[in-house]
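# Remarks on the overall topology
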Amino acid sequence: MNIVIIGNGILANLGAMYFSKHLPPSVHITIVGPDDREGLPVVGESIIEITTHVLETKLGLGQYLMKNHLPKYALTYYFKMDPDDPTDRTYAVHCNERGPDDLRKLDGWEGPMDNPPSWLINREVFDRDIREMVSHTDGIERIDGHVRDVQICQDQQHTLFIEKISGEQIQMDADWVIDVSGRKQVLPRKLNNIIRPEGQRDCFWFRVAGFDRELLKKINALGPMPPGPGEPYHYDRYYSTHHFMGRGNWIWMIPMKGEDERDLMSIGFVSHPDHFDGNVSTMESFLEQVDKTHPVVSDLVRSGEIVDTNVLKRYHYVVNPMYSAERWAIIGDAAYAPDPLFSNGLAFGTIQWEQVGAMIRKDMEGTWMHPMSRVWLRLFWGRYWQHRQPFQTGMPPCMIRY
Ligand SMILES: Cc1cc2nc3c(=O)[nH]c(=O)nc-3n(C[C@H](O)[C@H](O)[C@H](O)COP(=O)(O)OP(=O)(O)OC[C@H]3O[C@@H](n4cnc5c(N)ncnc54)[C@H](O)[C@@H]3O)c2cc1C
């Protein structure tokens, strides 16, 4: 069985790693994608328990995560009691009170809970390390280049047309093609199956280093969450994904382990163009906007050094369908760009790799059935499928075309 994965980003490499551990050794995997990111930004530093479960229990990355990244105890949401008064720092703070400590045991972990519920990932480090680990895995071939076209054939092998970085043009046949080419969306553009829902989002984000983390405590936090000092499961709220909620917008703050021993943080401003009049797309406009509502955030930003900035406008899309009985699949940013409010981008990707892995196993056993791709899609989109709620929620519509 020949599987070609289009793309060389985080989900392409995690998928190749997953297949090498969970599919029979007769499977041959080829990753086709450029070694260089060619200027594409990397974002998505907060992972949730679903992703953590796959990374630790299915890929064996628990010790790696513990050594190289920060624990994440909660998704923390800050609702300001008087959003119009910049001098008032009173917030209703909502977060986990404890983690799911009965799910798994992480050897060597010594923290306030039996294990860290999840992780705050330095994506530059993580993406580089995972690529490196995959490069040393037997049975995975790499081609440094771009897929320029794919010919999908119903009952035979598919053909990929590849341009290597050296300029050489080659063709390759594959039983399965899995598109993980991110926003370049090689297969969706070919299949013309991209949907741009209503309820669009804009996002400006940046990384800041060497800031004063104590400034994050300068709020009047209402409520006993998280458990106070001395109470069981007490943790430092710094180690969470912070969400400062506004009108038609919200801000994420994700602490990370910097490579130069300085604190590093990813901060992003997500807005809903139908409900927010401003235009936050530079550091100046970010600080001007945030000073009005959340000076606790802008004070912290000013105390550090900006590492880089990025902007995406009207970035929300989904593809339909994402899987086919014709033996292709679309995963990750190639398939959807959701609002990151619940940090679920990589979680969707890891669920998809498990689903596609199960389809390939069935295919190899000769018990592959056409309806399976439908069932997985229905399970993937959950209640959005069931209730057929298109678009208003910012989530995909039910997957009804095949
Ligand atoms: C603003 C924002 C915030 C986010 N926050 C979070 C978060 O907190 N938590 C979370 O889990 N997720 C988050 N996400 C989602 C997360 O960023 C993505 O799920 C993840 O980075 C997608 O990885 P990927 O491998 O699909 O894409 P990429 O990393 O972009 O990889 C695509 C790869 O394809 C290659 N490629 C492109 N064209 C071709 C071609 N023609 N041939 C071959 N290869 C090609 C590229 O070079 C690249 O290597 C966020 C997303 C956004 C936009």
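To start, this report covers the structure provided alongside it. (Residues numbered from 1 in each chain as written. Predicted model: local features only at pLDDT ≥ 70, side-chain atom pairs only at ≥ 80, totals over all residues. Heavy atoms only, no water.)

## Quick look at the pairing of strand β1 (residues 2–6)
Across a regular strand the side chains alternate sides, sitting on one face of the sheet and then on the other. Of all the 5 residues making up β1, 4 are buried; the element is thus mostly covered by neighbouring parts of the structure. Pairing of β1 with strand β2 (residues 28–32), which is carried by 5 bridges, proceeds in the parallel orientation. Paired with Ile 6 across the two strands is Val 32, which belongs to β2. Following the backbone out of β1, through helix α1 (residues 10–22) and into the adjacent parallel β2, one traces a crossover that is right-handed. With 4 bridges joining them, β1 and strand β11 (residues 176–179) adopt parallel strand pairing. (Buried < 20%, exposed > 50% of the residue type's maximum accessible area, 1.4 Å probe, protein only. Helix = DSSP H or I, 4+ residues; strand = E, 2+ residues; numbered from the N terminus. Pairing = 2+ DSSP bridges. Right-handed = clockwise from strand over helix to strand, strands pointing away.)

## Points about the packing of α1 against helix α8 (residues 345–365)
Where α1 meets α8, the closest approach of the two axes is 10 Å, and the angle between their N-to-C directions is 40°. Here α8 runs oblique to α1, going by the angle between their axes. In the packing of α1 onto α8, the handedness of the crossing is right-handed. Of the residues in α8, those touching α1 at Ile 10, Leu 11, Ala 12, Gly 15, Tyr 18, Phe 19 and His 22 are Leu 346, Gly 349, Thr 350, Trp 353, Glu 354, Val 356, Gly 357, Ile 360 and Arg 361. In terms of residue class, the contact of α1 with α8 is built from 9 nonpolar, 5 polar and 2 charged. (Axes fitted to C-alpha atoms, helices over the stretch in contact; angles between N-to-C directions. Parallel < 35°, antiparallel > 145°, perpendicular 65-115°, else oblique. Left-handed = near helix turned anticlockwise from the far one by under 90°. Contact = heavy atoms within 4.5 Å. Nonpolar A, V, L, I, M, F, W, Y, C, P; charged D, E, K, R; others polar.)

## Observations regarding the nonpolar core
Within soluble globular proteins, side chains that are nonpolar tend to cluster in buried spots. Ranked by internal contacts, the top residues of the largest apolar core, which has 118 residues, are Phe 19, Ile 178, Ile 267, Phe 286 and Val 356. Built from parts of two domains, this core gets at least three residues from each of domain 1 (2–41 + 125–197 + 317–387) and domain 2 (49–121 + 198–312). When neighbours within four sequence positions are excluded, Ile 267 is seen to be in contact with Phe 204, Trp 205, Phe 206, Val 208, Ile 251, Trp 252, Met 253, Phe 286, Leu 300 and Val 301. (Core = buried A, V, L, I, M, F, W, Y, C linked by side-chain atoms within 4.5 Å. Domains from an automatic or database assignment.)

On their own, these measurements won't tell you what the molecule is for.
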